[in-house]
Amino acid sequence: MRVLGIETSCDETAASVVAFDSGASEIRSPKILSNTVLSQIAEHAAFGGVVPEIAARAHVEALDGIVEAALADAGTDLSEIDAVAATAGPGLVGGLIVGLMTAKAIAAAAGKPLLAINHLEGHALTARLTDGLEFPYLLLLVSGGHTQIVRVAGVGDYQRWATTIDDALGEAFDKTAKMLGLPYPGGPNVEKAAEKGDAARFAFPRPMKGATQPDFSFSGLKTAVRQAASAIAPLTEKDVADICASFQAAVADALQDRVRRALERFRAEFPDMKAPALVVAGGVAANRTIKVALEALCRDAGFRFVAPPLKLCTDNAAMIAWAGIERLSAGLADTENSFAFVPRSRWPLDGVSTPVVGSGRRGAKA
């Protein structure tokens, strides 16, 4: 069985083919046959962030070729594909339209089922593709658009335990980089500058530290960075490095404190689990300082730390194809109504929990 996945929710144009053997009660032997990703970093670098219109146009220009490349790399063609899965939200609506409409056209022309996939579900289930992880487990999703802690109890069974009350962590990294004159994307460049910096020079706040509810907040930390930079302007290269190191240390400390609360709750709810797991996904998971801090936390708490390979932590189409496989295998794929599905710029993974940030006509942000 083979599923073609398409991902266009932000600034990566991606397609992938994932193969699997399905048994009566479980999924066995998943294999990524291809995973083609085209980054748009160069197109957006001059603007210091993603420009939605530029992203959508770039997807239009690249997607057909990316799909062809993914099929070629997998050594297959559309006649051998069993279903087409595409990100249908959340994300930049222009990009979502490009990807989902392309998937609809491919599925209709080839006579294949179409699966409209929640991008966040792709992240939530990737650890089952890469590590064969069993339910339940805890997910920390840290990316440019989302910072959440989610209990993953099964396919389609997600409960958001915490979210950011303002900025996503990736957004805070990007804005910090921009304030300090570092190039886009912010995360890798802040981390690179921090390697030469003194993390003890600036006493930045640890937002929400000590709060019972493990929500996140990063706008105050971002403000503290701006104030520190303004106070010593013009900045030297050493100043920038020290600010980045201090900012990164504050983020790692805050994440440790927030996630510790969630691990304690997970232990209380699943006291008989011998090896509970924390899965960390999203682009920010690539940050070494954050990863080391969370690994140490998991060791102390008796949790298994799981981080999929970087190429599967950031936006990719293999996770979308895999989420489609999981839904098909669980009998949760609504293929009859999928061609009528409309892209959703906002689509919470947990549709039950009360929104914390930005609920409006297009739905809840988080």
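Computed from a prediction, not measured in an experiment: that's the story for all the values here.

**Student:** What's the story with the pairing of strand S4 (residues 83-89) in this structure? I'm lost.
**Tutor:** Where a strand is regular, its side chains alternate between the two sheet faces. Judged by how many residues are buried, S4 sits mostly within the fold: seven of seven residues are covered. Inspection of the sheet shows strand S1 (residues 2-7) paired to S4 by four bridges, in the parallel sense. The partner of Ile6 across the bridge, within S4, is Ala86. Note that S4 and strand S5 (residues 114-118) share five bridges and pair parallel. Each residue of the ladder has a partner; that of Gly89, found in S5, is Asn118.

**Student:** I would appreciate a short explanation of the nonpolar core in the present structure.
**Tutor:** Soluble globular proteins tend to bury their nonpolar side chains together. Counting 46 residues, the largest nonpolar core has Leu140, Ile149, Leu169, Phe204 and Phe247 as the members making the most contacts within it. Elements represented by at least two residues in this core include exactly strand S6 (137-142), strand S8 (157-163), helix H5 (169-179), helix H6 (186-194), helix H7 (219-231), helix H8 (237-269), strand S9 (277-281) and helix H9 (288-301). It is H8 that provides the largest number of residues to this core, a total of 12 residues.

**Student:** What should I look at first to understand helix H11 (residues 318-330) in this one?
**Tutor:** Helical geometry: 3.6 residues make up each α-helical turn, so side chains three or four residues apart lie on a common side. Over its 13 residues, H11 extends 18 Å from the first C-alpha to the last, a length consistent with the 18 Å expected when each residue adds 1.5 Å. Among all positions in H11, only Ala318, Met319, Ile320, Ala321, Trp322, Ala323, Gly324, Ile325 and Glu326 are buried.

**Student:** Quick question: what am I supposed to make of the side chain of Ser338 here?
**Tutor:** Tracing the backbone shows Ser338 in the loop between H11 and strand S11 (359-360). Judged by relative accessible area, Ser338 falls into the buried class, the value being 3%. Contacts of Ser338, omitting those with residues within four sequence positions, involve Lys104 and Leu114.

**Student:** Which parts of the structure should I look at to understand the pairing of S6?
**Tutor:** When you tally the buried positions in S6, you get six out of six residues, the bulk of the element. Residues Tyr137, Leu139 and Leu141 line one face of S6 and the alternating positions Leu138, Leu140 and Val142 line the opposite face, and both faces are buried. Pairing geometry for S6 and strand S7 (residues 147-154), over six bridges, is antiparallel. If you follow Leu138 over to S7, its bridge partner there is Arg151. In textbook terms, the turn of a hairpin is the stretch between consecutive antiparallel strands, and for S6 and S7 this stretch comprises four residues. Two strands pair when backbone bridges link them, and S6 and S9 are joined in this way by four bridges, in the parallel orientation. Opposite Leu139, over in S9, you have Val279 as the bridge partner.

**Student:** Whenever I open this one, the packing of aromatic side chains confuses me. Can you help?
**Tutor:** Between two aromatic rings, the relevant description is the distance of the centres plus the angle of the planes. One pass over the full model with this rule turns up eight aromatic pairs. Taking the centre distance of 5.0 Å and the plane angle of 80° together, the rings of Phe173 and Phe247 count as edge-to-face. Here Phe173 is found in helix H5, whereas its partner Phe247 is found in helix H8, with 74 residues between them in sequence. Looking at Phe173, the relative accessible area reads 2%, which means it is buried. With centroids separated by 5.9 Å and ring planes inclined at 65°, the aromatic side chains of Phe266 and Phe303 adopt a geometry described as edge-to-face. Linking Phe266 in helix H8 with Phe303 in the loop between H9 and strand S10 (304-306), this pair joins segments that are 37 residues apart in sequence. Summarising the burial analysis for this pair, Phe266 and Phe303 share the class buried. Among the aromatic side chains, those forming a connected cluster through ring pairs are Trp161, Phe266, Phe270 and Phe303. The ring of Trp161 has Arg265 lying over it, and the distance from NZ or CZ to the ring centre is 4.0 Å. Over the aromatic face of Trp347 sits the side chain of Arg344, whose NZ or CZ is 4.8 Å from the ring centroid.

**Student:** Is there a simple way to explain a nonpolar patch on the surface in this structure?
**Tutor:** Nonpolar side chains collect at one region of the surface, where Val93, Ile97 and Met101 lie side by side and expose about 250 Å² of accessible area between them. Tracing the sequence through the fold places Met101 in helix H3 (residues 93-110). For Met101, a relative accessible area of 47% puts it in the partly exposed group.

**Student:** Help me understand the environment of Ala15 in this model?
**Tutor:** Of note, Ala15 is situated in strand S2 (residues 12-22). In this structure the C-alpha to C-alpha distance between Ala15 and Leu129, which are 114 residues apart in sequence, comes to 16 Å. Once residues lying within four places of it in the same chain are set aside, the contact partners of Ala15 are Gly5, Asn35, Thr36, Ile66, Val67, Ala70 and Ala317.

Rules of the game
- Residues numbered from 1 in each chain as written.
- Predicted model: local features only at pLDDT ≥ 70, side-chain atom pairs only at ≥ 80, totals over all residues.
- Heavy atoms only, no water.
- Buried < 20%, exposed > 50% of the residue type's maximum accessible area, 1.4 Å probe, protein only.
- Helix = DSSP H or I, 4+ residues; strand = E, 2+ residues; numbered from the N terminus.
- Pairing = 2+ DSSP bridges.
- Core = buried A, V, L, I, M, F, W, Y, C linked by side-chain atoms within 4.5 Å.
- Expected span 1.5 Å × (residues − 1).
- Contact = heavy atoms within 4.5 Å.
- Phe/Tyr/Trp six-rings, centres within 6.5 Å; stacked < 30°, edge-to-face > 60°.
- Lys NZ or Arg CZ within 6 Å of the ring centre and 35° of its normal.
- Patch = residues over 30% accessible without salt bridge, like charges linked within 9 Å, V, L, I, M, F, W, Y side chains within 5 Å.
- Areas by Shrake-Rupley, 256 points an atom, 1.4 Å probe, with all protein chains shown as cover.
- Salt bridge = Lys/Arg side-chain N within 4 Å of Asp/Glu carboxyl O.

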